[in-house]
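Each chain is listed here by its residues.
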Amino acid sequence: RFESPLRKAYQSHGNTKVILVQALAYIASFGTTLLPALLRTVIEESLELRRLHATIMPLQGFFNALIFFSHKIYCYNLTRPKEDNEESNRNTTSCCHIFYLLFIGRAQEPVLFS
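A few words now on the overall build of the protein. From N to C terminus, the protein includes four helices and zero strands. Along the protein, helices (α) and strands (β) appear in the sequence α-α-α-α when read from the amino end. Counting all 114 residues of the protein, 18% fall into the buried class. In the structure as shown, the protein presents an accessible area of about 8,900 Å², 62% of it carried by carbon and sulfur atoms.

If you want it as structure tokens, here you go:
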């Protein structure tokens, strides 16, 4: 089947936006966790700032996991047909079911290239 170049361009543009949002989320996560360390070098060190740094720095892995799995859920929902009987016309697959499919290796998702 022949696809028009315009349709391919729109699809590529949509993929680029998805990848850009994911990249910006990773950058925001990194900046958020790095901010207390930068503040410690710029302003006078205090106990509150040390506690903030000790609390937020280990959360970078958690933030990265949230971004990674939210992208996986988004990609999985792209491949699934939408339910017609739901008012909001969005997919009804639960996040827990998608996690289960991802961990056992049965989730088929598209690979996004821009």
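Right, let's get into the side chain of Thr-33. With respect to the helices, strands and loops of the structure, Thr-33 is situated in helix α1 (residues 5–42). Assessed through its relative accessible area of 0%, Thr-33 is described here as buried. Only 3.0 Å separates the side chain of Thr-33 from the backbone oxygen of Phe-30, close enough to count as a polar contact. Apart from residues lying up to four places away in sequence, Thr-33 is in contact with Ile-56, Met-57, Leu-59, Gln-60 and Phe-63.

Residues Leu-35, Leu-39, Val-42 and Ile-43 make up a contiguous nonpolar surface patch of roughly 370 Å² in combined accessible area. Relative to the helices and strands, Leu-35 resides in helix α1.

Definitions and cut-offs
Residues numbered from 1 in each chain as written. Predicted model: local features only at pLDDT ≥ 70, side-chain atom pairs only at ≥ 80, totals over all residues. Heavy atoms only, no water. Helix = DSSP H or I, 4+ residues; strand = E, 2+ residues; numbered from the N terminus. Buried < 20%, exposed > 50% of the residue type's maximum accessible area, 1.4 Å probe, protein only. Areas by Shrake-Rupley, 256 points an atom, 1.4 Å probe, with all protein chains shown as cover. Polar contact = N/O pair within 3.5 Å; in protein donor to acceptor, adjacent residues only side chain to side chain. Contact = heavy atoms within 4.5 Å. Patch = residues over 30% accessible without salt bridge, like charges linked within 9 Å, V, L, I, M, F, W, Y side chains within 5 Å. Salt bridge = Lys/Arg side-chain N within 4 Å of Asp/Glu carboxyl O.

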